[in-house]
Amino acid sequence: MLTVEISTLLLGVFIMYSTSNKVVLFKNSSLDNILNRSFAFKKIIGLVILFLALIYVMFSYGPTLGFLFWLFALSSLLSLVICIYPLRLFKTNYTVFVMIFSIVIELIINYAS
């Protein structure tokens, strides 16, 4: 499930992005409110999620292709979050809707044929 892999990576990237001291998190969405709470394990949680995504991708596609896919997706999502978040276009409701929609489309394509 490609969508689950990318969603997990996106969550890990966003948590790691929110740990930066230079980032001003907006209090528009529930994810931002959760991340604004100061708990000491944000970086550890972000790294664990990224590592779990790496393991899942490596089991899905094999070690070499999985690592290369993870690295490419990680750099793409980092660029996306860095460019889009300051514009306030990265909202939790829209992101969840897009992820659910893409999971449904992926399931229809894989299992309808």
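Residues numbered from 1 in each chain as written. Predicted model: local features only at pLDDT ≥ 70, side-chain atom pairs only at ≥ 80, totals over all residues. Heavy atoms only, no water.

So, the overall build of the protein chain
Of the regular secondary structure elements, the protein chain holds 5 helices and 0 strands. For the protein chain, the α and β elements follow one another from N to C terminus as α-α-α-α-α. Across the 113 residues that make up the protein chain, the buried fraction comes to 32%. In the protein chain, the proportion of contacts linking residues at least 24 apart, taken out of those at least 6 apart, comes to 73%. Counting only carbon and sulfur atoms, one obtains 74% of the accessible surface of the protein chain, whose full area is about 7,500 Å². (Helix = DSSP H or I, 4+ residues; strand = E, 2+ residues; numbered from the N terminus. Buried < 20%, exposed > 50% of the residue type's maximum accessible area, 1.4 Å probe, protein only. Contact = heavy atoms within 4.5 Å. Areas by Shrake-Rupley, 256 points an atom, 1.4 Å probe, with all protein chains shown as cover.)

Topic: the environment of Thr 8
Note that Thr 8 resides in helix α1 (residues 2-18). Under the relative-accessibility criterion, Thr 8 is labelled partly exposed at 26%. Taking the C-alpha atoms as reference points, Thr 8 and Leu 54, 46 residues apart in sequence, are found 9.6 Å from one another.

Observations concerning the packing of aromatic side chains
Evaluated as defined, the whole model comprises 3 aromatic pairs. Between Phe 97 and Phe 101, the ring centres sit 6.2 Å apart and the planes meet at 20°, which makes this aromatic pair stacked. Of this pair, Phe 97 and Phe 101 both sit in helix α5 (residues 92-111), 4 residues apart, roughly one helical turn. When its relative accessible area of 57% is taken as the criterion, Phe 97 is described as exposed. (Phe/Tyr/Trp six-rings, centres within 6.5 Å; stacked < 30°, edge-to-face > 60°.)

A closer look at the environment of Val 23
Position of Val 23 among the secondary structure elements: in the loop between α1 and α2 (30-36). Val 23 gets classed as buried once you look at its relative accessible area, which sits at 18%. Considered as a pair, Val 23 and Pro 86 are 63 residues apart in the sequence and their alpha carbons are 8.7 Å apart. In this structure Val 23 touches Tyr 17 and Tyr 85, once residues within four positions along its chain are discounted.

Here we look at the confidence of the model for the protein chain
Per-residue pLDDT for the protein chain averages 84, and the proportion of residues at 70 or more is 84%. Helix α4 (residues 63-84) holds the highest mean pLDDT among the elements of the protein chain, 92, whereas α2 holds the lowest, 64. (pLDDT = per-residue confidence, 0-100.)

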